[in-house]
Amino acid sequence: MKKILVCDDDEALISMIRFKLSKENYGEVVKVADGREAMHELIYHDFDMIITDIHMPYFSGLELVTFVREKLGDKTPIIVLSVEGIENTVTEAFQLGADDFISKPFSPNELSMRVKRLLSA
Amino acid sequence: METLSTIWRESTSYYELCALFFAGSSGLIILGITLNRQVSRWKRSKLLRPHNLIKNSLNTIAALAPDIEEYATEIQEAQQHLQQVTQRSPGLAQFVIDRLIELHKNLSGISARVLKKVYDDLHLYRVSKQKLMNGNYATVIKGIQELAEMRRHEDIESIVGFLDYYHELVRLETRVALISLIPEDPLICLKSMKDPLTKWEEILIYNKLRKLSPEQVPAFKAYFDHTNPTVICYCINMAARFLQYDAIDLMTRLIFHKNDAISWQAVNALKMLEADQAANFILLLLQKTKSIKVRVECIECLAQIGDTKKLAPLFRKAIDKNKNSAVTKTLSKVFVNWDKSGAKKLSETRFKGKSKLMVSHFSNSLIH
Amino acid sequence: MFIEYFILILNHFFIIYAISITSIYFVLTIISLIEVLNYRDTKKFINYKELLSSPFAPTISLIAPAYNEGLSIVENIRSLLSIQYNAYEVIIVNDGSTDDSIEKMKANFSLEKVPFFVDEKIKTQKIKAIYKSTNKALHRLLVIDKENGGKADALNAGLNVSSKDLVTCIDVDCIIEPEALLHLVMPFVADSKKEVIACGGVIRVANDCAVQDGRLLGVRFPKSSLARFQVLEYLRAFLLGRMAWAKINGLILISGALGMFDRKIAVAAGGYNTQTVGEDMELVVRMRSYMTSQKKNYKVAYIPDPLCWTEVPETHQVLGNQRNRWTRGTIEVLKLHKAMFLNRKYGVMGLISYPFWFLFEWLAPIIEALGVIYFLILVVAGQVFWSSALTLILVAYTLSIFFSLCALLAEELSFAKYEKKSDLWKMFITAMLEPILYHPKTVYWSLKGNYDLLMGKKSWGKMVRTGFKKTQS
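Overview of the structure. Note that this is a predicted model, so its numbers are computed, not measured.

1. A short note on the overall build of chain B
Across its full length, chain B carries 19 helices and zero strands. Taken across its 368 residues, chain B has 49% of its residues classed as buried. The long-range share in chain B, meaning contacts at least 24 apart out of those at least 6 apart in sequence, stands at 63%. For chain B, the accessible surface area stands at approximately 19500 Å², while carbon and sulfur atoms represent 56% of it.

2. Section: the interface of chain B and chain C
Taken together, the contact pairs 45 residues of chain B with 47 residues of chain C. Area buried by chain B at its contact with chain C is led by Phe22, Arg37 and Trp200 of chain B, which between them contribute 17% of it. In this structure, glutamate 168 of chain B and lysine 193 of chain C form a salt bridge, with 3.1 Å as the shortest nitrogen-oxygen distance. Summed over the shared surface of chain B and chain C, the number is 14 residue pairs in polar contact (both at pLDDT 80 or more). Contributions of two or more residues to the side of chain B that touches chain C are made by helix H2 (14-64), helix H7 (137-149), helix H9 (168-181), helix H10 (199-211), helix H11 (229-241) and helix H19 (355-363) of chain B. Ranked by the residues each element gives to the side of chain B that touches chain C, the list is headed by H2 of chain B, at 15 residues. Tallied by class, residues from the side of chain B that touches chain C come to 21 nonpolar, 12 polar and 12 charged.

3. Here's the deal with the sheet that holds strand S12 (residues 298-310) of chain C
Residue and element names in this part refer to chain C. On the basis of which strands lie adjacent, the open sheet formed by 10 strands has the order S3-S4-S5-S2-S1-S6-S11-S8-S12-S7 and mixed pairing. Here the strands that pair on one side only, and so sit at the sheet edges, are strand S3 (111-114) and strand S7 (175-176). Here strand S1 (residues 60-66) pairs with strand S2 (residues 88-95) via seven bridges, running parallel. Its bridge partner lying in S2, isoleucine 63 is registered against isoleucine 91.

4. Quick word on the pairing of strand S1 (residues 3-7) of chain A
All names here are of chain A. Among the five residues in S1, four count as buried, and that is most of the element. With five bridges connecting them, S1 and strand S2 (residues 28-32) associate as parallel partners. Bridging from a neighbouring strand, valine 6 pairs with lysine 31 of S2. Of the crossover connections in this fold, the one passing from S1 over helix H1 (residues 11-23) to the parallel S2 is right-handed. Bridge count for S1 against strand S3 (residues 49-53) is four bridges, and the pairing is parallel. For leucine 5, the partnering residue across the bridge sits in S3 and is isoleucine 50.

5. Re the environment of alanine 66 of chain C
Mapped onto the fold, alanine 66 of chain C is located in strand S1. In contact with alanine 66 of chain C, not counting residues within four places along its chain, are Ile73, Ile92, Val93, Asn94, Asp95, Ser97 and Val172 of chain C.

6. Section: the interface of chain B and chain A
One frequently used descriptor of interface size is the decrease in accessible area upon assembly of the parts. Each side of the interface is counted separately: chain B has 20 residues, and chain A has 18 residues. Contact between chain B and chain A buries roughly 1700 Å² in total, counting both sides, with carbon and sulfur atoms accounting for 53%. Remark: the boundary between chain B and chain A carries three salt bridges. The salt bridge involving aspartate 67 of chain B is made with lysine 20 of chain A; its shortest N-O contact spans 3.9 Å. Run the count over chain B and chain A and you get 11 residue pairs in polar contact (both at pLDDT 80 or more).

7. Some remarks on the state of the cysteines
One way to say it: the disulfide is the covalent bond shared by the sulfur atoms of two cysteines. Residues and elements named next belong to chain C. This model, assessed by the stated rule, comprises zero disulfides over all chains. Unpaired in terms of disulfides, cysteine 169 finds its nearest cysteine sulfur in cysteine 308, a separation of 12 Å. A residue is classified by how much of its surface remains accessible, and cysteine 169, at 2% relative accessible area, is buried. Among the cysteines around cysteine 199, which has no disulfide bond, cysteine 169 carries the closest sulfur, lying 13 Å off.

8. Points about the sheet that holds S3 of chain A
Residues and elements named next belong to chain A. If you trace the five strands from one edge of the open sheet to the other, you get S2-S1-S3-S4-S5, paired in parallel fashion. Two strands close off the open sheet at either side, each with one partner strand: S2 and strand S5 (100-104). Direction aside, neighbouring strands of the sheet carry axes that sit 15° apart on average. Where S3 lies against strand S4 (residues 78-83), four bridges are found, and the strand directions are parallel. Residue pairing in the sheet places aspartate 53 in a bridge with leucine 81 of S4. Across the face of the sheet, helix H5 (residues 108-120) comes into contact with S1, S3, S4 and S5 while running at roughly 175° to S5.

9. Looking at the side chain of arginine 328 of chain C
All names here are of chain C. Structurally, the position occupied by arginine 328 is in helix H10 (residues 316-336). Comment: no salt bridge for buried arginine 328; closest opposite-charge side chain is aspartate 452, at 5.1 Å. For arginine 328, the side chain forms a polar contact with the side chain of asparagine 324, separated by 2.9 Å.

10. Describing the side chain of serine 32 of chain C
All names here are of chain C. Along the chain, serine 32 falls in helix H1 (residues 2-45). Polar side-chain contacts of serine 32 include one of 3.3 Å to the backbone nitrogen of alanine 244. Apart from residues no more than four positions distant in its own chain, serine 32 is found in contact with Leu239, Leu240, Gly241, Met243 and Ala244.

11. Thoughts on helix H11 (residues 347-381) of chain C
Remark: the principal bend of H11 of chain C, roughly 60°, maps to leucine 363 of chain C, with a proline, proline 365 of chain C, within the next four residues. Looking at the residues trailing H11 of chain C, positive phi occurs at glycine 382 of chain C, about 70°.

12. Some points on unusual backbone geometry
Following lysine 104 of chain A, the chain continues to proline 105 of chain A via a peptide bond in cis, the omega torsion being -5°. Position of proline 105 of chain A relative to the elements: it lies in the loop between S5 and H5. Even without being a glycine, leucine 243 of chain B presents a positive backbone phi close to 50°. Along the chain, leucine 243 of chain B turns up in the loop between H11 and helix H12 (248-254). At asparagine 68 of chain C, a position not held by glycine, the phi torsion is positive, near 50°. Within the fold, asparagine 68 of chain C resides in the loop between S1 and helix H2 (73-81).

13. Re the packing of aromatic side chains
Per the counting criterion, the structure on display carries 30 aromatic pairs over all chains. Measuring from ring centre to ring centre gives 6.2 Å for phenylalanine 375 of chain C and tryptophan 386 of chain C, while their planes differ by 80°; the resulting arrangement is edge-to-face. Of this pair, phenylalanine 375 of chain C sits in helix H11 while tryptophan 386 of chain C sits in helix H12 (residues 386-414), placing them 11 residues apart in sequence. Note on phenylalanine 375 of chain C: relative accessible area 29%, which makes it partly exposed. Taking the centre distance of 5.9 Å and the plane angle of 50° together, the rings of phenylalanine 402 of chain C and phenylalanine 403 of chain C count as tilted. By relative accessible area, which is 8% here, phenylalanine 402 of chain C ends up buried. When its relative accessible area of 11% is taken as the criterion, phenylalanine 403 of chain C is described as buried. Sitting over the ring of tyrosine 206 of chain B, arginine 241 of chain B keeps its end group 5.9 Å from the ring centre.

Rules behind the numbers
- Within each chain, residue numbers correspond to sequence positions counted from 1 in written order.
- To read the labels, note that chains go from A and ligands from 1, taken in the order they are written.
- pLDDT decides what is reported in this predicted model: residues at 70 or higher carry local features, side-chain atom pairs at 80 or more are listed and counted, and totals for whole chains, interfaces and linings draw on all residues regardless.
- Values reported for side chains reflect all heavy atoms of the structure, with hydrogen atoms and water molecules removed beforehand.
- Segments assigned H or I by DSSP are reported as helices when at least four residues long, segments assigned E as strands when at least two residues long, and all are numbered from the N terminus.
- Exposure categories follow from relative accessible area, calculated using a 1.4 Å probe and restricted to protein chains: below 20% of the type maximum is buried, above 50% is exposed, and the middle band is partly exposed.
- Whether two residues are in contact is decided by their heavy atoms, any of which lying within 4.5 Å being enough.
- In these tables, accessible area is a Shrake-Rupley quantity obtained with a 1.4 Å probe, and a residue counts as shielded only by the protein chains included in the view.
- Put simply, buried area is the surface a 1.4 Å probe can reach on two separate parts but cannot reach once they are joined, added for both.
- One side-chain nitrogen of Lys or Arg within 4 Å of one carboxyl oxygen of Asp or Glu is enough to make a salt bridge.
- What qualifies as a polar contact is a pair of N or O atoms within 3.5 Å, subject to a donor-acceptor requirement within protein and to the restriction that residues adjacent in sequence count only when both atoms come from side chains.
- Each residue is assigned to one class: nonpolar for Ala, Val, Leu, Ile, Met, Phe, Trp, Tyr, Cys and Pro, charged for Asp, Glu, Lys and Arg, and polar for all the others, Gly among them.
- Should DSSP find at least two bridges between two strands, the strands are taken to pair.
- By convention, a crossover is right-handed whenever its connection, traced from the first strand over the helix to the second and viewed with the strands pointing away, goes clockwise.
- Cysteine sulfur atoms are paired as a disulfide whenever they come within 2.5 Å of each other.
- For helices, the fitted line uses only the C-alpha atoms of the stretch in contact; every axis is such a line through C-alpha atoms, and the angle between N-to-C directions lies from 0 to 180 degrees.
- Positive charges are assigned to Lys and Arg, negative charges to Asp and Glu, while His and the chain termini are left out of the count.
- Note on bend: at a given residue it equals the angle between the axes fitted to the 7 residues ending there and to the 7 starting there.
- Aromatic rings from Phe, Tyr and Trp, taking only the six-membered ring of Trp, are treated as a pair when their centres fall within 6.5 Å; an angle between ring planes under 30 degrees marks them as stacked, one over 60 as edge-to-face, and anything in between as tilted.
- Note on criteria: charge over ring means Lys NZ or Arg CZ within 6 Å of the ring centre, with the direction from the centre no more than 35 degrees off the ring normal.

The analysis is restricted to geometry; functional conclusions fall outside its scope.
Here is the structure:
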């Protein structure tokens, strides 16, 4: 059973993502609303994949990526969600070690494809 | 006991009424708050189930829409649930709208289209349109935002009227809403605009324009002769940000505008577009203009687009002659960026007395 | 005959004073309640997140002076670095700390000295060094190490170094909510008619709240009675008073713990005054008079969101020192700018704000004390008409409860941070006890402040910080 962490401060969106990923049987999906909760989860539990928004209260998605790569030192695949048109943030995310990137608005199927690809890799 | 009551009646004065009033209203406030909390807690518990139903139905519709053939029955069922729930109370209908819009904002493709269809089919737009009739400006704005987010092109006419609404924020939101509603001519709202453009509106408009597809981005040079100077400035800036090179000619003309803000913005735009054909004009402006801000911008612009060999001796002379610290600062900064070895030499010879100034530029994070 | 006349005049004087102060507070309360509701409406449709990804968002420097804060400085800086905003930097000014603050910062944030030159637009004590982090993720952090010169001097050094559009001055030991900058910046970007030069924020009491890693997890009503009284006092001052003053554009005090300023105007006005203990109020007054002298149409804005949580003193000695300082600060500012008193040139500030502060902030405790003395004399002389005296006392008492509850109502209508039902009742009881147990003390402290100023006391008084007790998870 795989475990996926989804963080975004938009409750409607993460609830939809959770629904989608559970429907496709990717495994257990944990949703959190901000960077602090995400870090808390990451410290106490292991995840097979992280999906995070860029703009969140307390800690941004970029800080979360840095946290996972540097502090925890693990290679959990990370997908970053972000609004269109902020190219430098995207490149920054990749530099910090994000594996994939989806720009909002996106199609639920696009997300599930990317999750599938990273989980099987 | 008797004496007490007589005292009370005899001396019931103004002051006692005051005390009574204050004590009474204090009691009312505390009771009101407690009661209100109870009621809202009760409401919340009652609404838990329908809210969950709505969440689930919308999730089903949004998540499964791309595979609509496979999950046709499930989606239909969810839609029916929503229909029943929305008819139950306006509060629940509003909850559906809020949730639906959140999802619609973040989703694209078939999911977004299906969500819009739900909004139309369940007549939720009627709830949004009703808000336009409300007396409270905040409610009106909410209605406008909802209709714009769900792309109700049918209701453009009822929204356009708010361009002349008495409340400034409503006018602003209407203009912003029209950008996404009329993609053929997104800046139509700016045409007759009299309010000064605030930074907030600039932010909102730019964020909306970024979401348009490249061919929908309007030609900003059409607004360079607007009567409102803040609009001209903004459009010059936008033309530069969307790399509209065909606006360079007009911008070059605008740098000599008598309004310093427009002049500055035009020079800044030419810098962003790296329009080297305008270099001579900017040099001319640099000699003519009196505004320090414009002069600094001219120097920075020339540093980007000008011919180094031709400008270096000119600037060197200017550094010695100039008295304004801001201009000197920019000039020396330009030298540093032009040529590393030259910069070193210059800083040794020319700036002996001004060494502190140089260090400030090296430590300036913007340069590095 | 003469004595009777004298008594009559005194009676009338006290009554008129009391009635006028009450009616002013009454008007302020009503304006505030309307404004709080209005603000709540506005928040419904404003999407603050639009600011996050926009290149048009103004740039901000967060300036935090630190003096011997080694106990909690690392934790506090971490929380400052994770505020939700894109274009901001954090400037920590180490004001010649004698503890290990700078070593701690160096070790935790891998700081490195950078070459610097500061254009000294405002004269300050010497800056020894400027540090930046070698870690790219901490690019927002900038630490200034300077010689000791006091809080105002440290803030001025920060103003000199900053090159951003706006500056936010905060106390480093406060807990700042992550959305603070997004909300504070709003008046600056959204006002179309007037140039906004400053924006104040609300300070709330953080005692006994659940705090972890410099972040507020849960709001609780404090256990200490002294802190409880201050909760109500802060609610009244921030939700009822300042909201109304901002509405009529007469706000002259932005608390030093959280306020945002237009950097250019703050610098042009001359920065913080190092000669007074009321430097936060003094700056706003001076910025306003600067704008008046430039003949510009300006505004000082205010937002009621609870964005900054601070630990208030829980002992009489520390609280007494603080109030003593506030009183001295107020008087010093009023003295410095006495030219404004009823001066039409300064608009609302000269005609309403300044006289209000003079008559009802400075003189109120003095007149109140005189009133009590007068009453006691009458008692001794047997001249008191007891039934009416008691009603008057009753009016005063119910009135003060009424204002506290209006503040509570404003809080409930807008943010409702104290969610527990028991907290609500505790607040009610606190409001009933406050006029008897707490108010006399504040009067005493401010009288002491007056006395100390007369005797020429200048210092800040000792402020003992306990640091937030970490709640272990």
